[in-house]
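Notes for the structure review
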Amino acid sequence: MRKLSLPSWIPTLIVGLIVFFGVLYARDNGHISAYRYQIFQIAVIASISALGLNLIYGFNGQFSLGHIGFYAIGAYSSALITKDYQMAWSGSRAGALAWMMAGQFGIIAGLALIRMLRLDRLRRKITQSTSSYLKEHETRMVCLLPVLFIVAAVIGLGVVATLGAHALLDPGLNALVEGLSDNVARNVIFVLAILNGGTMAALVAYLVGLPLLRLGSDYFGIATLGFAIMVFTGLQNSDMVIDTMRGARGMVAIPTWTTWGWVMATFALLVFLMRNLLRSSHGRAMISVREDEIAAQSMGVDVNQLKTMAFTVGGLFAGVGGALYAHLYGFLHPSTFNIIRGFDPLIIIVLGGLGSMTGTILAGVGVVVLIEELRVILPQGFEDWRFVIYPIILLLVMLLRSEGLMGTREWGWFRTPVPPERDIPLSTRQPATPATAASSEDV
Amino acid sequence: MKVLILKNSLRTLVWAIYAALAFGLLWGIVALVRMNGPIFFIQAIIDGLRLGFMYALIALGYTMVYGIVRLINFAHGDVFMVGAFTSFYAITRYNWSFVPAILLAMLICTVLNVVIERVAYKPLRNAPRIASLITAIGVSFFLEYFTALSFVFGPDFITYRRPFPVEVWNVGGILITNITVIIVGITLALLLSLQYIIRRTKIGKAMRATALDKSAARLMGINVDGVISFTFALGAALAGAGGVLYAIAFPQILTFMGIMPGLKAFVAAVLGGIGSIPGAFVGSLLMGTTDVLVVSFMPMGSRLRDLIAFLILILVFLIKPTGIFGEPQAEKV
């Protein structure tokens with residue numbers, strides 16, 4: 001007997017719509033101030049970024065402390081594009097966009113080429129043929145030489161590809177920007193900027209993750225922490241490379257185009273993508289990597305590929321979140337992306353529950369709103385107590401509910417439905433083990 | 001015959017690469033020495049080692065705690081800060097001299113860290129490890145922002161009054177201050193006593209046993225909770241002394257001053273192989289020296305020093321994933 005019930009997406013959609021229209025209505029009728037309206041947007045943006053980290057850590061078990069780095073990359077790269085549209089700092093209104101897209105194309109082309117060359121196979125062949133008479137470190141040096149040459153050649157090709165793509169893209173995009181009416185062109189540029197912010201972050205995540213994901217869990221966390229600090233220091237000195245990023249003085253005059261509608265639309269799209277990714281075979285394999293890497297590998301799961309994939313997609317989420325954030329205040333400062341703020345996504349996902357999308361969304365909104373509301377609630381002269389009370393709350397939540405608010409439970413549409421009877425023979429079905437146990441080993 | 005030729009030529013190639021690398025390193029050092037003269041270079045190395053000794057005092061706390069409870073104790077840098085402030089109040093307000101001030105700082109940090117351990121980490125010993133990491137971050141925030149309140153330490157930079165006048169000795173052009181001597185002396189003394197505690201005493205044996213296998217240690221009748229508290233206390237005492245020395249060397253203190261030295265020292269501990277005490281020491285010296293060398297020799301070095309430090313971390317990871325002295329992790333199936 002199956003219980004008759006609503007499809008699970010209906011209540012979820014209804015809640016989403018209520019929140020969306022509720023905030024719009026409240027703003028239009030003056031129930032919430034412009035300040036609170038911005039807080040809500042930041043809250044959702046923080047959720048987007050945290051969802052990316054939850055994919056990396058909560059669902060795939062890779063302890064990353066460098067999420068804020070990808071957020072920063074997304075923010076700055078998208079801001080460069082939209083600022084260019086308004087101020088033409090690079091000389092033409094779509095110059096930055098063209099360079100960024102061409103650069104990504106070049107990198108992807110180079111990466112694809114390296115993949116096609118099968119360097120690992122080359123290395124294995126050399127190792128096999130020389131291992132009988134060379135020591136291990138000697139073999140490694142012998143391998144290093146051809147690999148270095150090939151990589152150098154590929155980088156050269158990537159630069160050529162970048163220049164070629166730029167030559168094609170630049171006139172096209174400029175013509176597009178000039179040809180369209182201002183309103184349309186603005187939206188097109190904004191969408192492209194958000195997309196580019198996301199893909200830039202994803203690309204960097206891929207490049208960073210490729211070597212670093214081989215490290216053990218804690219070491220990976222520390223290496224990504226190092227990456228985030230490198231991004232932060234790089235941004236502080238960014239005016240040495242691109243003057244308009246202005247380094248430690250902060251980047252100004254970014255168009256403030258982010259609205260509640262844009263934020264929620266992006267959020268809905270990304271949540272949809274993530275939920276469906278997690279329910280695909282790749283997603284299930286990701287979760288299996290979290291549960292037990294060796295067991296997953298012995299079941300034929302390509303662990304390295306899945307780790308890289310989760311890390312890249314997580315970076316994409318952070319980049320998109322950063323892009324939206326950049327256009328909220330129109331001002332970017334490296335201190336927004338320092339290491340202290342870098343713990344925020346981690347705090348959010350642990351509070352919400354590792355491996356729970358619902359929990360991440362709730363905790364993301366909750367943490368941001370809590371921090372900002374403390375500013376309002378606290379009496380005059382006690383504003384400095386904001387970050388004294390916040391860690392106390394954090395400590396209490398952790399001490400009382402160490403698995404997070406939701407654990408691994410989900411609500412509504414996010415809940416993975418039990419597969420239909422015919423898929424799994426009853427005899428092999430076993431009660432699901434709670435997944436929180438796994439995360440205890442993978443910090 | 002053919003294989004032999006191939007083998008020899010390949011081996012020659014390998015040693016040629018090594019020779020080239022060694023030559024490059026040597027050439028780099030010679031170029032650095034020639035850039036501003038050998039005196040400047042040696043001065044930079046000495047300053048770097050001095051910084052490294054201070055990092056070592058913090059890094060040891062990180063590495064011991066990690067070795068025993070596998071926790072990245074993010075609050076450690078803030079314990080270091082409390083040490084600096086304690087000595088500031090002792091010296092400036094109550095006119096204490098240097099030795100009692102540093103002892104007081106060590107004592108207060110010890111008490112503080114044991115309290116932190118009991119309140120924030122011990123209840124979570126059986127929870128997922130990430131939970132105690134988050135509480136560590138929470139404790140770190142709390143210490144930073146609570147002490148930044150105006151009635152505690154205040155949110156501004158405070159100029160630290162040194163408890164003794166600075167003397168500078170000129171040794172063949174190299175300037176050595178009594179601060180350097182004191183830092184190196186105190187650090188070495190603390191390190192040797194730490195080594196003594198860990199290698200020669202009963203509690204040290206218990207610490208090593210607990211680090212190796214907690215449940216087995218408990219079965220052998222070791223009071224594991226006590227050992228963990230003792231480890232936190234030892235680490236905090238070292239960090240407290242480090243805080244005082246740091247404040248004497250760079251006499252400006254702030255409640256947020258612990259973040260960056262803390263992170264650097266942590267990275268140094270990881271560089272040396274986290275969990276290993278000699279590793280933490282060597283890693284710290286390496287970290288301090290590169291820090292100062294980057295600042296003195298690289299154009300824009302003072303702005304890029306953190307970037308270089310973490311770049312080195314990542315490069316070391318790529319070559320030796322568990323750090324210089326770290327043992328490869330054996331994965332149990």
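Residues numbered from 1 in each chain as written. Chains lettered and ligands numbered in written order. Predicted model: local features only at pLDDT ≥ 70, side-chain atom pairs only at ≥ 80, totals over all residues. Heavy atoms only, no water.

1. Section: the overall build of chain B
When you go through chain B residue by residue, the secondary structure sums to 11 helices and four strands. For 333 residues, the compact-globule estimate of 2.2 N^0.38 gives 20 Å, and chain B sits close to it at 22 Å. When each of the 333 residues of chain B is scored for burial, the buried share is 53%. A fraction of 74% describes how many contacts in chain B between residues 6 or more apart in sequence connect residues 24 or more apart. (Helix = DSSP H or I, 4+ residues; strand = E, 2+ residues; numbered from the N terminus. Rg over C-alpha atoms; globule rule 2.2 N^0.38 Å. Buried < 20%, exposed > 50% of the residue type's maximum accessible area, 1.4 Å probe, protein only. Contact = heavy atoms within 4.5 Å.)

2. What about the overall build of chain A?
The helix and strand inventory of chain A stands at 17 helices and zero strands. Its C-alpha atoms give chain A a radius of gyration of 24 Å, near enough to 22 Å, the size a compact globule of 443 residues would have. In terms of overall dimensions, chain A has a C-alpha envelope of 75 × 70 × 45 Å along the principal axes. When each of the 443 residues of chain A is scored for burial, the buried share is 51%. Counting contacts in chain A only where the partners sit at least 6 residues apart, residues at least 24 apart contribute 80% of the total. Mean positive and mean negative side-chain charge positions of chain A (31 and 26 charges, respectively) differ by 5 Å. (Lys, Arg positive; Asp, Glu negative; His and termini not counted. Charge placed at Lys NZ, Arg CZ, Asp CG, Glu CD.)

3. What to know about the confidence of the model for chain A
Residue and element names in this part refer to chain A. Summing up the model confidence of chain A, the mean pLDDT is 86 and the portion of residues at 70 or higher is 93%. Element-level mean pLDDT values for chain A span from 44 in helix 17 (residues 436-439) up to 94 in helix 12 (residues 303-329). The low-confidence segment residues 418-426, where pLDDT is below 50, has six contacts with residues more than four positions distant or belonging to other chains. (pLDDT = per-residue confidence, 0-100.)

4. Topic: unusual backbone geometry
Residues and elements named next belong to chain A. The backbone of Ala88 sits at a positive phi, close to 50°, despite the residue not being glycine. Position of Ala88 among the secondary structure elements: in the loop between helix 3 (67-87) and helix 4 (95-117). Phi is positive for Arg246, close to 60°, though the residue is something other than glycine.

5. Points about a nonpolar patch on the surface
Taken together, Leu107(B), Ile108(B), Val111(B), Val115(B) and Val119(B) make up a surface patch of nonpolar side chains, about 420 Å² in accessible area. You can call Leu107(B) exposed: its relative accessible area is 53%. (Patch = residues over 30% accessible without salt bridge, like charges linked within 9 Å, V, L, I, M, F, W, Y side chains within 5 Å. Areas by Shrake-Rupley, 256 points an atom, 1.4 Å probe, with all protein chains shown as cover. Salt bridge = Lys/Arg side-chain N within 4 Å of Asp/Glu carboxyl O.)

6. Some thoughts on a positive patch on the surface
Taken together, the side chains of Arg115(A), Arg118(A), Arg121(A) and Lys125(A) make up a positively charged region of the molecular surface. Along the chain, the position of Lys125(A) falls in helix 5 (residues 119-130).

7. Re the pairing of strand 3 (residues 174-177) of chain B
One face of the sheet, then the other: side chains in a regular strand alternate in exactly this way. Residues and elements named next belong to chain B. Relative to strand 3, strand 2 (residues 168-171) runs antiparallel, the two being bridged by four bridges. Across the sheet, Asn170 pairs through a bridge with Leu175, a residue of strand 3. Connecting strand 2 to the next strand, strand 3, in antiparallel fashion are two residues, including Gly172 with a positive phi near 60°. (Pairing = 2+ DSSP bridges.)

8. Description of the interface of chain A and chain B
Many structure descriptions define interface size as the accessible area lost when the parts assemble. Each partner contributes to the interface: chain A provides 56 residues, whereas chain B provides 59 residues. The junction of chain A with chain B conceals about 5200 Å² of combined surface from both sides, 80% of it contributed by carbon and sulfur atoms. Three residues, Tyr133(A), Tyr219(A) and Met230(A), lead the burial of chain A against chain B; their summed loss comes to 14% of the area buried on that side. The shortest N-O distance in the salt bridge between Asp218(A) and Arg129(B) comes to 3.5 Å. Viewed at the interface, chain B and chain A are joined by three residue pairs in polar contact (both at pLDDT 80 or more). Going through the elements one at a time, helix 6 (136-179), helix 7 (182-212), helix 8 (217-236), helix 13 (339-342), helix 14 (344-352), helix 16 (386-400) and helix 17 of chain A are the ones with two or more residues in the side of chain A that touches chain B. Per element, the largest residue contribution to the side of chain A that touches chain B is 12 residues, and it comes from helix 8 of chain A. Per-class residue counts for the side of chain A that touches chain B are 38 nonpolar, 12 polar and six charged. (Buried area = accessible area lost by both parts, 1.4 Å probe. Polar contact = N/O pair within 3.5 Å; in protein donor to acceptor, adjacent residues only side chain to side chain. Nonpolar A, V, L, I, M, F, W, Y, C, P; charged D, E, K, R; others polar.)

9. Overview of the packing of helix 4 of chain A against helix 7 of chain A
Each pair of packed helices can be described by the angle between their axes along with the distance between the axes. Residues and elements named next belong to chain A. As a packed pair, helix 4 and helix 7 sit with axes 11 Å apart at the nearest point and diverge in direction by 35°. Here the hand of the crossing between helix 4 and helix 7 comes out left-handed. Two secondary-structure elements touch here, helix 4 through Leu97, Met100, Met101, Gln104, Ile107, Ile108, Leu111 and Arg115 and helix 7 through Ile189, Leu192, Asn196, Thr199, Met200, Leu203, Tyr206 and Leu207. Among the residues forming the contact of helix 4 with helix 7, the class breakdown is 12 nonpolar, three polar and one charged. (Axes fitted to C-alpha atoms, helices over the stretch in contact; angles between N-to-C directions. Left-handed = near helix turned anticlockwise from the far one by under 90°.)

10. Structural notes on the packing of helix 3 of chain A against helix 4 of chain A
Residues and elements named next belong to chain A. Two numbers describe how helix 3 lies on helix 4: the axes approach to 7 Å, and their chain directions differ by 145°. Between helix 3 and helix 4, the residues in contact are Ser77, Leu80, Ile81 and Asp84 and Gly95, Ala96, Leu97 and Met100, respectively. Its residues placed into classes, the contact of helix 3 with helix 4 shows five nonpolar, two polar and one charged.

11. What to know about the environment of Ile108(B)
Residues and elements named next belong to chain B. Position of Ile108 among the secondary structure elements: in helix 3 (residues 98-121). Considered as a pair, Ile108 and Thr86 are 22 residues apart in the sequence and their alpha carbons are 7.7 Å apart. Non-local contacts of Ile108, meaning those with residues more than four positions away in its chain, are made with Val82 and Thr86.

12. With respect to the pattern of salt bridges
Summed over the entire model, instances satisfying the criterion amount to 16 salt bridges over all chains. Linking Asp344(A) and Arg341(A) is a salt bridge whose minimum nitrogen-to-oxygen distance equals 3.0 Å. We classify Arg341(A) as partly exposed; its relative accessible area is 21%. In this structure, Glu117(B) and Arg125(B) form a salt bridge, with 2.3 Å as the shortest nitrogen-oxygen distance. Taking relative accessible area as the criterion, Arg125(B) reaches 22% and is therefore assigned partly exposed. Where salt bridges share partners, they join Glu117(B), Arg118(B), Arg125(B) and Asp225(B) into one cluster.

13. Here's the deal with the nonpolar core
One finds Leu332(A), Phe337(A) and Leu346(A) to be the most contacted residues of the largest nonpolar core, which totals 229 residues. Setting aside anything within four residues of it in sequence, one finds Leu332(A) in contact with Ala75(A), Tyr76(A), Ala79(A), Gly250(A), Met251(A), Ile254(A), Tyr325(A), Ala326(A) and Phe337(A). The next biggest cluster of nonpolar side chains, apart from the first, holds nine residues, and it includes Ile126(A), Leu134(A), Val142(A) and Val14(B). (Core = buried A, V, L, I, M, F, W, Y, C linked by side-chain atoms within 4.5 Å.)

14. Quick look at the packing of aromatic side chains
Summed over all chains, the structure comprises 39 aromatic pairs over all chains. Relative to Phe297(B), the ring of Phe40(B) has its centre 5.5 Å away and its plane inclined at 85°; by these criteria the two rings are edge-to-face. With Phe40(B) in helix 1 (residues 2-69) and Phe297(B) in helix 10 (residues 277-297), the pair connects residues that are 257 residues apart, well separated along the chain. For Phe40(B), a relative accessible area of 34% corresponds to the partly exposed category. The side chain of Arg93(A) reaches across the aromatic face of Tyr85(A), ending 4.3 Å from its centre. It is Arg50(B) that lies over the ring of Phe250(B); its NZ or CZ is 5.8 Å from the centre. (Phe/Tyr/Trp six-rings, centres within 6.5 Å; stacked < 30°, edge-to-face > 60°. Lys NZ or Arg CZ within 6 Å of the ring centre and 35° of its normal.)

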